[in-house]
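Each chain, written out:
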Amino acid sequence: MNVREQTVNAIRVLSAEAIQKANSGHPGLPLGSAPIGYTIFADFLKFNPKDTKWDDRDRFVLSAGHGSMLLYSLLYLFGYDISKEDLMNFRQLGYKTPGHPEYGHTPGVETTTGPLGQGIGNAVGMALAEAHLAATFNREGFPVVDHYTYALCGDGCLEEGISYEACSFAGMQKLGKLILFYDDNDITIEGSTDITFKEDVAMRFKAQGWQVLKVDDANDLDLLRRTVRKAKADTERPSLIICKTVIGYGSPLAGSQECHGAPLGVENLKKLKENLGWTYAPFEVPDEVMQHCASIARRGVTRQGKWKKMFKEYEAAYPELAAQYKQYMSGEMPDLKNNASLFEFTKGEATRSASFTVLNKLADLLPNLIGGSADLAPSNKSNMKKRGDFTPEDRTGSNLHFGIREHAMAAITNGIQLHGGLQAYCATFFIFSDYMKHAMRLSALMHLPVTYILTHDSIGVGEDGPTHEPVEQLIALRSIPNMKVYRPADGRETAAAWVSALTGTSPTCLVLSRQNLPLYENSGMDALKGGYILADSEKETPDVLLIASGSEVEQCMQAKELLKGKGVDARVVSMPCMEEFEKQPQAYKDEVLPPEVKARVCVEAGSPYSWYKYAGDCGEIIGMTTFGASAPAHKLFEMFGFTAENVVEKAFRSINKI
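Residues numbered from 1 in each chain as written. Predicted model: local features only at pLDDT ≥ 70, side-chain atom pairs only at ≥ 80, totals over all residues. Heavy atoms only, no water.

So, about the sheet that holds strand S9 (residues 399-401). One open sheet accounts for six strands, arranged S9-S8-S10-S11-S13-S12; its pairing is parallel. Each of the sheet's edge strands pairs with one partner strand only, and the pair in question is S9 and strand S12 (484-486). On average, each strand axis in the sheet is tilted by 20 degrees relative to the strand beside it, whichever way the strands run. Here three bridges tie S12 to strand S13 (residues 508-512), and the two strands are oriented parallel to one another. Across the sheet, Tyr486 pairs through a bridge with Leu510, a residue of S13. Docked against the sheet, helix H18 (residues 491-503) engages strand S8 (369-373), strand S10 (423-429), strand S11 (451-455), S12 and S13, running at close to 165 degrees with respect to S13. (Pairing = 2+ DSSP bridges. Helix = DSSP H or I, 4+ residues; strand = E, 2+ residues; numbered from the N terminus. Axes fitted to C-alpha atoms, helices over the stretch in contact; angles between N-to-C directions. Contact = heavy atoms within 4.5 Å.)

Here the focus is the pattern of salt bridges. For the structure on display, the rule yields 32 salt bridges. Lys539 is the partner of Asp543 in a salt bridge, and the nearest nitrogen-oxygen pair spans 3.0 Å. Classification of Asp543 by relative accessible area gives partly exposed; the value is 25%. For Lys539, a relative accessible area of 41% gives the class partly exposed. With a shortest N-O distance of 3.6 Å, Arg653 and Glu649 are connected by a salt bridge. (Salt bridge = Lys/Arg side-chain N within 4 Å of Asp/Glu carboxyl O. Buried < 20%, exposed > 50% of the residue type's maximum accessible area, 1.4 Å probe, protein only.)

Across the six residues that make up strand S7 (residues 239-244), a large majority, five, are buried. Summarising the sheet, strand S3 (residues 178-184) and S7 pair through six bridges and their orientation is parallel. Within S7, the residue paired with Leu180 across the bridge is Leu240. As defined by bridge partners, strand S6 (residues 211-215) adjoins S7 across five bridges and the pair is classed as parallel. Within S7, the residue paired with Gln211 across the bridge is Ser239.

So, about the packing of helix H5 (residues 118-137) against helix H7 (residues 161-172). For the pair H5 and H7, the least separation of the axes is 8 Å and the interaxial angle reads 20 degrees. Here H7 runs roughly parallel to H5, going by the angle between their axes. Crossing hand, H5 versus H7: left-handed. Of H7, the residues touching H5 (which contributes Gln118, Ile120, Gly121, Val124 and Leu128) are Ile162, Ser163, Ala166, Cys167, Phe169 and Ala170. For the contact of H5 with H7, the per-class residue count stands at eight nonpolar, three polar and no charged. (Parallel < 35°, antiparallel > 145°, perpendicular 65-115°, else oblique. Left-handed = near helix turned anticlockwise from the far one by under 90°. Nonpolar A, V, L, I, M, F, W, Y, C, P; charged D, E, K, R; others polar.)

A few words now on the UniProt feature "domain: Transketolase-like pyrimidine-binding" (unreviewed entry) in the protein chain. Feature annotation in UniProt assigns "domain: Transketolase-like pyrimidine-binding" (unreviewed entry) to the following positions: residues 349-519. Along residues 349-519, the helical share is 38% and the strand share 16%, with 8 Å between the first and last C-alpha atoms. (UniProt positions renumbered as here; feature names shortened; annotations may be inferred.)

In the structure shown here, the tally under the stated rule is 28 aromatic pairs. Summarising the aromatic geometry, the rings of Phe137 and Tyr328 are spaced 4.9 Å apart at their centres and angled 85 degrees between planes, so their arrangement reads as edge-to-face. Here the residue Phe137 occupies a position in helix H5, and Tyr328 occupies one in helix H12 (residues 319-330), the gap between them amounting to 191 residues. A relative accessible area of 0% places Phe137 in the buried class. By relative accessible area, Tyr328 is classed as buried at 6%. (Phe/Tyr/Trp six-rings, centres within 6.5 Å; stacked < 30°, edge-to-face > 60°.)

Now for empty space enclosed by the protein. The tally for this structure, following the rule as stated, stands at three cavities of 30 Å³ or more. Computed from the structure, the largest cavity encloses a volume of approximately 100 Å³. Grouping the amino acids of the lining of the largest cavity by side-chain chemistry returns seven nonpolar, three polar and four charged. (1 Å grid on protein atoms, 1.4 Å probe; cavity = no way out; pocket = protein on both sides within 12 Å on 5 of 7 lines; lining within 4 Å. Points joined across faces, edges and corners; volume = space filled by probe spheres on them.)

Written out as structure tokens, the structure reads:
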């Protein structure tokens, strides 16, 4: 047995041992796909384990994240900052080997995967980012951006609808430096894929514009290597390499669903080692394997050294481009908070229109801003007027046309952000955020500052009816940890929302109106605090607090004047972002919402569940507890009680409870 085969077996045994010790995990994929992982890392992947953030490294994405021990074994053997103790404590608290790969937790993990298909979308985004940056910065003799994105998926990833969306987009965009390996083992948790998945995968990908290659036996390392070289030779199409594998290879459970998601068992692990000729103690790897992997890792160090030398020459030849490249990669932002031009508005308008104005001002300030919509740019108002479109013919364009592929759009945008160097956003109708939910959740889990433009935010959609009128979406997104949800009331609050999105370290949803809204005298920068006094009471202590977000601030402002005529002194609090308000010091929150003022009315054309903590025991909430209807927006606002008169009525009801 040569050292290459021995290294493949080391990957298999380490993976199976770690899963057995944890008594939890998925050994089937690592045992079957070990040759694929080895070939990628040993023969093709451009990496330096001592510098996992090297700009021009190749990216490897394990889309089938349940096979995480395959990745951890590879990272350990090839010199990343993962110890034997980490392997021995797979899935245990405080170690670098969680059940599914987690970005930011484990060195060398490029994205958080596990929800099947998400990694494919992320890989498409990474390949897109590489293509855009290469077109922007590369010059003859200076390929400063020149790397591949490799991904490994299984049957489950390809059954998920997101894979169809993402791969269709990748084929249309001709992302030729994307190579997807398909672990074709014919098994899922429930048994043979014949009960659910019989389509011709090769024909599907050919129809989507991919080069399709096959490896009939993934254990043939030479054939694998030749096939990857063939994939790389075609730079006009992304490539799918269909690799026939045996789930649980080498164990008595090989070919069975029994090894998909459960440890092999002590006896089966013993037999696996016997079948592979493995005689070493648990978690021990022979010196020749470690030396072999170390020599490969050193090649990566050398390649990075050559890249650094080339970049110095690039700096001398193209100083302005090099400076811009460094700025892109640093992630640094100009001082947006003190840029008064972003907050300049002269009239009221729909916040989707205000967002369009701000976005295009930002496009002049941030050359690395990139994004687009799921076929709704004219309605979302999400295009940058002075930027071209990203196409196979022009990679320098910054406007992305995702097509009607909301789920993949969000995952691709995550991949663009993960790649580095670009600031990414995407857009659709707010109601369709349901299609994007899992990718949005992963944005938050990975602390990615992706901006989600979500327009047509309420029953204000009107005539399109309840299928297009968001009701429960605000509370759903607000419940995601690390997610900021801004629902601005006017143009200046919209500008503040954009500033918060671009200067933060987590994703932000901009939930924007279709209908026109007023421009308020005192709105603006205070929206960065999430909630603030928009119109104060005349008394030091108001009689009632009127609290709202977005379009319903208008009804509260009108109600304040009506209440004044009835001898009631109201304070209007605009609450565009609860998450940011909750971060403020308690003294500030008490200043805005004095605890002694029990009379309160909270108003929002969505689910009331977000508002109980602000309404308190005596407060009233005007919200949506049913679906909407199809009618002009103003009729719906009247029908569901979003009127100044109803706010006044609820204010008196709250006062009378005290």
